[in-house]
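Letter by letter, the chains look like this.
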Amino acid sequence: MRRDPSEVEERALLRRRELELGCRHPGGRCDRVTRRLQPGIHGWQAIRVSKAPPHSATHVDVVRLPGSRPDRDAVAVEEPLEIRINGEAVAVTMRTPGHDEELALGFCATEGLAPQSAAMPADLAANTIDVSAERAPAPRNFYTSSSCGVCGKGALEAVAVESDHIESDLRVTASLLAGLPDKLRTAQAAFAATGGLHATGLFSSAGDLLCVREDVGRHNAMDKVIGWAFGEGLLPLADKLLCVSGRLSFELVQKAAVAGCPVVVAVGAPSSLALELAADRGITLCGFVRDGRSNVYTEAWRIEA
């Protein structure tokens, strides 16, 4: 049965997963993306995801082994984005195109720059966003990769972006917590097509998915969600939860702290520095949340059995 070209249906097989994309080539041939399942992490079945955002994936030639079979494959798009603050270029980050204004706003918010608005620059430069902000950034090497949001910091002290200790009284049940990664996974359309993007989801205290963003950079996905929340007037996120699709590193917890979010959930593992920061800022940090289980590392009083 033919489906919309940008819609993906995922069906988990016994040993592998095949993602059948709608036919995009003359002659009606369909692309298939095949990859190994990661037991306990990506073992979802019968998942229907929405349309992947435009420009998040592209198609390339590939040779399938064994058999040396030529085919086409979908890969995640990665391109640079220049962020200007009050007209001055201050950062270049490697990101997946889409929601660039949110990315720039979230980046500036979590850098403590008090952003006001974001838009295309007056000169209409490609891959560039201009942010109006109250404060200018501290001197630093402004190139950041898609893998680490704190790369290029001028000094260790500059990493400690100011954020208040989180005093939120939010409490959630363990069962609600356990269900967040599955809800996030069903919304990861670009990941379903490429297998190459991270995701961050913002959830209400009732477990409703409010916003999801995907990106080749885990910190970019977080920035996009925080930028969306900024635009919706939801900051600080005192009664919300954040869920990420991979591991929890320091910069993700830092961004959550600046956004005022009391509960951060991850499918993967936290780092030691992430745990130290979460404990210091009063954040409930949960890792390895999958298959109905989770590890609560800090502020466990917020999670009710």
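Residues numbered from 1 in each chain as written. Predicted model: local features only at pLDDT ≥ 70, side-chain atom pairs only at ≥ 80, totals over all residues. Heavy atoms only, no water.

A. Geometry of helix H2 (residues 174-186). At Leu180, H2 shows its maximal kink, close to 30 degrees; a proline, Pro181, follows between one and four residues later. When we look at burial in H2, the residues that qualify are Leu176, Leu177, Leu180, Pro181, Leu184 and Arg185. (Bend = angle between axes of the 7 residues up to and from the residue. Helix = DSSP H or I, 4+ residues; strand = E, 2+ residues; numbered from the N terminus. Buried < 20%, exposed > 50% of the residue type's maximum accessible area, 1.4 Å probe, protein only.)

B. Just the pairing of strand S16 (residues 263-266), in detail. Along S16, one buried face is formed by Val263 and Val265 and the opposite face, lined by Val264 and Ala266, is buried too. Sheet topology places strand S15 (residues 240-244) next to S16; 4 bridges connect them, and they run parallel. Paired with Leu241 across the two strands is Val263, which belongs to S16. Viewed along the sheet, the connection from S15 through helix H5 (residues 250-258) into S16 turns out right-handed. (Pairing = 2+ DSSP bridges. Right-handed = clockwise from strand over helix to strand, strands pointing away.)

C. Quick look at the packing of helix H1 (residues 100-110) against helix H4 (residues 218-231). Where H1 contacts H4, the two axes come as close as 6 Å, and the packing angle between them is 90 degrees. Of the possible angle classes, the one that applies to H1 and H4 is roughly perpendicular. Residues Glu102, Leu103, Leu105, Gly106, Phe107 and Thr110 of H1 form the contact with H4, whose participating residues are Asn220, Asp223, Lys224, Ile226, Gly227, Trp228 and Phe230. Taken together, the residues of the contact of H1 with H4 sort by class into 6 nonpolar, 4 polar and 3 charged. (Axes fitted to C-alpha atoms, helices over the stretch in contact; angles between N-to-C directions. Parallel < 35°, antiparallel > 145°, perpendicular 65-115°, else oblique. Contact = heavy atoms within 4.5 Å. Nonpolar A, V, L, I, M, F, W, Y, C, P; charged D, E, K, R; others polar.)

D. How the structure looks around the packing of H5 against helix H6 (residues 272-281). Across the interface, H5 lies against H6 with an axial gap of 8 Å and an inter-helix angle of 20 degrees. The angle between the axes of H5 and H6 places the two elements in the roughly parallel class. For the pair H5 and H6, the sense of crossing is right-handed. The residues of H6 that touch H5, namely those facing Phe250, Val253, Gln254 and Ala257, are Leu273, Ala274, Leu277, Ala278 and Arg281. In terms of residue class, the contact of H5 with H6 is built from 7 nonpolar, 1 polar and 1 charged. (Left-handed = near helix turned anticlockwise from the far one by under 90°.)

E. Geometry of the sheet that holds S15. Pairing is mixed in the open sheet, where 6 strands are placed in the order S14-S13-S15-S16-S17-S18. Of all strands in the sheet, those with a lone pairing partner are strand S14 (209-215) and strand S18 (293-296), marking the two edges. On average, each strand axis in the sheet is inclined to that of its neighbour by 20 degrees, with strand direction left out of account. One ladder, built from 6 bridges, connects strand S13 (residues 198-204) with S14; its direction is antiparallel. When the sheet's bridge partners are listed, Gly201 is paired in S14 with Val212.

F. View of H4. Between its first and last C-alpha, H4 extends 20 Å over 14 residues, near the 20 Å set by a 1.5 Å rise per residue. H4 sits mainly inside the fold: 12 of its 14 residues count as buried. Of all the residues in H4, the buried ones are Arg218, His219, Asn220, Ala221, Met222, Asp223, Lys224, Val225, Ile226, Gly227, Trp228 and Ala229. At the exit of H4 stands Gly233, carrying a positive phi of roughly 70 degrees. (Expected span 1.5 Å × (residues − 1).)

G. Broad picture of the environment of Lys183. As for its placement among the helices and strands, Lys183 is situated in helix H2. Lys183 gets classed as partly exposed once you look at its relative accessible area, which sits at 36%. In the structure, Lys183 is positioned 26 residues away from Leu209 in sequence and 7.3 Å away in space, judged by C-alpha atoms. In contact with Lys183, not counting residues within four places along its chain, are Phe203, Gly207 and Leu209. Within the structure, Lys183 has its side chain in polar contact with the backbone oxygen of Gly207 (distance 2.8 Å). (Polar contact = N/O pair within 3.5 Å; in protein donor to acceptor, adjacent residues only side chain to side chain.)

H. Quick peek at the side chain of Thr96. In this fold, Thr96 is placed in the loop between strand S8 (88-95) and H1. Given the relative accessible area of 2%, Thr96 is considered buried. In this structure the side chain of Thr96 is engaged in a polar contact, spanning 3.0 Å, whose partner is the backbone nitrogen of Val216. If sequence neighbours within four positions are ignored, Thr96 has contacts with Ser56, Val77, Leu197, Asp215, Val216 and Lys224.

Note that all results are geometric; they support no functional claim without further evidence.
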